[in-house]
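# Chain and residue survey
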Amino acid sequence: SQQGEEDPQALSIQEGENATMNCSYKTSINNLQWYRQNSGRGLVHLILIRSNEREKHSGRLRVTLDTSKKSSSLLITASRAADTASYFCATGDAYYGNNRLAFGKGNQVVVIP
Amino acid sequence: EPEVTQTPSHQVTQMGQEVILRCVPISNHLYFYWYRQILGQKVEFLVSFYNNEISEKSEIFDDQFSVERPDGSNFTLKIRSTKLEDSAMYFCASSDLNIQYFGAGTRLSVL
């Protein structure tokens, strides 16, 4: 089964800096999504990238996908204290997102004001 | 902005008791899901539901679990006889075709 796996790192950065986190997976996918989770809260969808896409932008977020390496990265530019959260990648095996998602363990990001 | 709502936010139960976790998906969504997250572990898929039936379930979703959409708005997860290892955060999600929107979760504590 597919499985998103983030690099197991906790990231602590100063406000205004960029934050980059990575995710790798094991099997072929049709889409990869990034979610944010603030402490004790639900998962908030950030961005979806399909297997035929290489890069996608949404506001301060930039996601890349390398299907040959089975990896993705999430870049948050000009970080803010409000970006402090856990970030998860999740993979899906259907073109659309209406199928089971396989989540990674998550990256803790702390943005210091 | 429409959102998925889950109740209760925290449920405490004794081992062996039945619990029902409740969810109100976003009103025009057709696909519904339950996931769980054991403390410190990954978010794990349990089940998906479409057109009033289970469309997919994981190996975790055994006979102790059931889902139901009893009316046009609610989506429930029932655990018949809870075990200590069922203690987790349970997330409901709903989607149109593309993006799954998650509720804030119900923390289930089995004592």
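What comes next is a walk through the structure. (Residues numbered from 1 in each chain as written. Chains lettered and ligands numbered in written order. Predicted model: local features only at pLDDT ≥ 70, side-chain atom pairs only at ≥ 80, totals over all residues. Heavy atoms only, no water.)

## A closer look at the overall build of chain B
A count of helices and strands for chain B gives zero helices and eleven strands. Starting at the N terminus and ending at the C terminus, chain B contains elements arranged as β-β-β-β-β-β-β-β-β-β-β. Relative to its length of 111 residues, chain B is compact, with a C-alpha radius of gyration of 13 Å against a globular reference of 13 Å. Looking at chain B as a whole, 46% of its 111 residues are labelled buried. Long-range contacts, defined here as pairs at least 24 residues apart, represent 53% of the contacts in chain B between residues at least 6 apart. Of note, chain B has its 9 positive side-chain charges centred 4 Å away from the centre of its 14 negative side-chain charges. (Helix = DSSP H or I, 4+ residues; strand = E, 2+ residues; numbered from the N terminus. Rg over C-alpha atoms; globule rule 2.2 N^0.38 Å. Buried < 20%, exposed > 50% of the residue type's maximum accessible area, 1.4 Å probe, protein only. Contact = heavy atoms within 4.5 Å. Lys, Arg positive; Asp, Glu negative; His and termini not counted. Charge placed at Lys NZ, Arg CZ, Asp CG, Glu CD.)

## Describing the packing of aromatic side chains
Across all of its chains, the model carries 14 aromatic pairs over all chains by this definition. Between the aromatic rings of Tyr35(B) and Phe102(B), the centroid separation amounts to 5.2 Å while the plane-to-plane angle is 45 degrees, which identifies the pairing as tilted. One end of the pair, Tyr35(B), is in strand β4 (residues 31-37); the other, Phe102(B), is in strand β10 (residues 100-102), with 67 residues separating them in the sequence. Take Phe102(B): its relative accessible area is 9%, and that puts it in the buried class. Counting every residue linked through ring pairs, the aromatic cluster contains Tyr35(A), Phe88(A), Phe103(A), Tyr33(B), Tyr35(B), Phe45(B), Phe91(B) and Phe102(B). (Phe/Tyr/Trp six-rings, centres within 6.5 Å; stacked < 30°, edge-to-face > 60°.)

## Brief notes about the nonpolar core
With 23 residues, the main nonpolar core has Trp34(B), Leu46(B), Phe61(B), Val67(B), Phe75(B), Leu77(B) and Tyr90(B) as its most contacted residues. Looking at this core, the elements with two or more residues in it are β3 (19-24), β4, β5 (43-50), β7 (65-68), β8 (75-79), β9 (88-95) and β11 (106-110) of chain B. (Core = buried A, V, L, I, M, F, W, Y, C linked by side-chain atoms within 4.5 Å.)

## A word on the sheet that holds β7(B)
All names here are of chain B. Read across the open sheet, the four strands follow the order β1-β3-β8-β7; overall the sheet is antiparallel. Of all strands in the sheet, those with a lone pairing partner are β1 (5-7) and β7, marking the two edges. With strand direction ignored, the average angle separating the axes of adjacent strands in the sheet is 20 degrees. The pairing of β7 with β8 spans four bridges and is classified as antiparallel. Residue pairing across strands places Glu68 opposite Thr76, the latter belonging to β8. (Pairing = 2+ DSSP bridges. Axes fitted to C-alpha atoms, helices over the stretch in contact; angles between N-to-C directions.)

## Focus on the pattern of salt bridges
In this structure the tally under the stated criterion is five salt bridges over all chains. Between Asp83(A) and Arg60(A) there is a salt bridge, and its shortest N-O distance comes to 2.9 Å. Residue Asp83(A) is found in the loop between β8 (71-76) and β9 (85-92), and its partner Arg60(A) is found in the loop between β6 (55-58) and β7 (61-66); the two are separated by 23 residues along the sequence. The exposure class assigned to Arg60(A) is partly exposed, which follows from its relative accessible area of 23%. A salt bridge links Glu56(B) to Arg100(A), with the nearest nitrogen and oxygen atoms 2.9 Å apart. Of this pair, Glu56(B) sits in strand β6 (residues 53-57) while Arg100(A) sits in the loop between β9 and β10 (102-103), each in a different chain. (Salt bridge = Lys/Arg side-chain N within 4 Å of Asp/Glu carboxyl O.)

## Description of the state of the cysteines
Using the criterion set out here, one finds two disulfides over all chains in the structure. At a sulfur-sulfur separation of 2.0 Å, the disulfide partner of Cys23(A) is Cys89(A). Between Cys23(A) and Cys89(A), the disulfide has an S-S torsion of 65 degrees and is therefore right-handed. With Cys23(A) in strand β3 (residues 19-25) and Cys89(A) in strand β9, the pair connects residues that are 66 residues apart, well separated along the chain. With respect to burial, Cys23(A) and Cys89(A) carry one shared label: buried. Paired by a disulfide, Cys23(B) and Cys92(B) hold their sulfur atoms 1.9 Å apart. The sign of the -65 degrees torsion about the S-S bond sets the Cys23(B)-Cys92(B) disulfide as left-handed. Of this pair, Cys23(B) sits in strand β3 while Cys92(B) is found in strand β9, placing the two residues 69 residues apart along the sequence. (Disulfide = S-S within 2.5 Å.)

## Comments concerning the interface of chain B and chain A
The accessible area lost on association of the parts is a frequent measure of interface size. The interface of chain B with chain A comprises 21 residues on the first partner and 23 residues on the second. Taken together, both faces of the contact between chain B and chain A bury some 1800 Å²; the carbon and sulfur share is 53%. Taken together, the links from chain B to chain A amount to one salt bridge. Residue contributions to the side of chain B that touches chain A peak at four residues, all from β4(B). Here the residues of the side of chain B that touches chain A are counted per class, giving eleven nonpolar, six polar and four charged. (Buried area = accessible area lost by both parts, 1.4 Å probe. Nonpolar A, V, L, I, M, F, W, Y, C, P; charged D, E, K, R; others polar.)

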